[in-house]
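These are the residues of each chain, in order.
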Amino acid sequence: GSSLEPEERSMEPPAVPEEEEEEEEGAMPLSVAPVPVGCQLFGYVGIEAVLDQMKIKTMKTGFEFNIMVVGQSGLGKSTMVNTLFKSKVSRKSSQPGQEERIPKTVQLQSITHVIEEKGVKMKLTVTDTPGFGDQINNENCWDPIIKYINEQYERYLREEILITRKRKIPDTRVHGCVYFVPPTGHWLRPLDLEFMRRLSKIVNVVPVIAKADTLTLEERAEFKQRIQEDLKTHAISVYPQEDFDQDPEDRTLNDRIREKIPFAVVGADQEHQVNGKRVLGRKTKWGIIEVENPAHCEFPLLRDLLIRSHLQDLKDITHNVHYESYRVRRLNESNRPG
């Protein structure tokens, strides 16, 4: 018996049991999405030039920033806006000589300016709300403000859903609302709470204590603590919101800001001589309150938040959160049968 001829072997793959075949057919492929791997460059490529390109393009086209100021008459809203941008951009400054009368209802007035600094152009729109909180009966005085903010979202949405869209849609959406709290030294009024509760859902609200130089340092600290307790008790989320912190660094920075909110601010659009320097401030019998001195007030913190550190973040949250929720709601309404 034994044969010296080699065994015949089949070239076909071994048979797989039916159960295993079925499992393999239904199973997900084992391939995983490629993970980006750091690659060592052998020389200079020029990828960093993208930042320069973006900067040049932004400087050519400029950008838009829309801010709203809300508060009772006499709290220094116009002066604060002029101090923020170091120019006459408020409603009162743009319309000199007109007699200021308290309107019977809330009226919204917008003024647009183009501000340029070191070649960067900014189209700034300031919306004032004369008449807010000035009546005996202030019921629903926030309705015109909510209507105005939603109208700007609606205007942007109509441009966005056109078949032939503009290359750059004009942006009139309110990116930040600075709410002026009267320096009473007590608790927030029901009007303040109700306004911030309603508005914080549709716009970035930044509360400030107006004319903080009327309070002592102890009164200011106590008032600020009471306001923070009020906001926490009524679950009012003012800017910067904790839910939108993207990474640990942002959270650390924003936590420091949240400890200081509401900012105790003083506005002034007149310059005074202090130790041989020209400074913005308010002159009193006891000396000059320097607006840009952190030891005197927290105006520099407000300016840094609105312009120097969080301006782009204000615009991003407006577009990605507040406008997005409005857009979803409106499109759901239009798609609803009947």
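What comes next concerns the included structure. All residue numbers refer to positions counted from 1 along the written sequence of the respective chain. Given that this is a predicted model, residues contribute local features only at a pLDDT of at least 70 and side-chain atom pairs are listed and counted only at 80 or more, while totals for whole chains, interfaces and linings are drawn from all residues. Note that the side-chain values use all heavy atoms of the structure and ignore hydrogens as well as water.

## A word on the packing of helix 5 (residues 143–160) against helix 10 (residues 311–335)
The cut-off we apply is this: Here the axes come from fitting lines to C-alpha atoms, over the contacting stretch only for helices, and the angles between their N-to-C directions go from 0 to 180 degrees. In this description a helix means any DSSP run of H or I spanning at least four residues, a strand means any run of E spanning at least two, and both kinds are numbered starting from the N terminus. Any angle between 65 and 115 degrees counts as roughly perpendicular, while under 35 counts as roughly parallel, over 145 as roughly antiparallel, and the rest as oblique. Contacts between residues were defined by any pair of non-hydrogen atoms, one from each residue, lying within 4.5 Å. Residue polarity is assigned by list, with Asp, Glu, Lys and Arg as charged and Ala, Val, Leu, Ile, Met, Phe, Trp, Tyr, Cys and Pro as nonpolar; anything else, Gly included, falls into the polar class.
Where helix 5 meets helix 10, the closest approach of the two axes is 10 Å, and the angle between their N-to-C directions is 80 degrees. It follows that helix 5 is roughly perpendicular to helix 10 by the angle criterion. From helix 5, Asn150, Tyr153, Glu154, Tyr156, Leu157 and Glu160 reach across to helix 10, where they touch Thr318, His319, His322, Tyr323, Tyr326, Arg327, Arg329 and Arg330. Of the residues assigned to the contact of helix 5 with helix 10, the class counts are five nonpolar, four polar and five charged.

## So, helix 6 (residues 190–199)
What counts is decided by this rule: When a residue's accessible area, from a 1.4 Å probe over protein chains only, is under 20% of the maximum for its type it is buried; when over 50% it is exposed; and in between it is partly exposed.
Within helix 6, the full set of buried residues consists of Leu191, Asp192, Leu193, Phe195, Met196 and Leu199. Buried residues along helix 6 sit in contact with strand 1 (63–70), helix 5, strand 4 (176–181), strand 5 (205–209) and helix 7 (217–233).

## Topic: the pairing of strand 2 (residues 109–117)
Quick reminder of the rule: Two strands form a pair only when DSSP identifies at least two bridges running between them.
With nine bridges joining them, strand 2 and strand 3 (residues 120–128) adopt antiparallel strand pairing. Looking at the pairing, Thr112 lines up with Thr125 of strand 3. Two successive antiparallel strands, strand 2 and strand 3, enclose a turn made up of two residues, where Lys118 displays a positive phi of approximately 55 degrees.

## A word on the pattern of salt bridges
Definition in use: Each salt bridge in this description consists of a side-chain nitrogen of Lys or Arg and a carboxyl oxygen of Asp or Glu lying within 4 Å of one another.
Taken as a whole and assessed by the stated rule, the structure comprises 19 salt bridges. In this structure, Glu154 engages Arg158 in a salt bridge whose closest nitrogen and oxygen atoms are separated by 3.3 Å. Note that Glu154 and Arg158 are positioned in helix 5 at a spacing of four residues, about one turn of the helix. For Glu154, a relative accessible area of 11% translates into the label buried. Here Glu298 makes a salt bridge to Lys224, at a shortest N to O gap of 2.5 Å.

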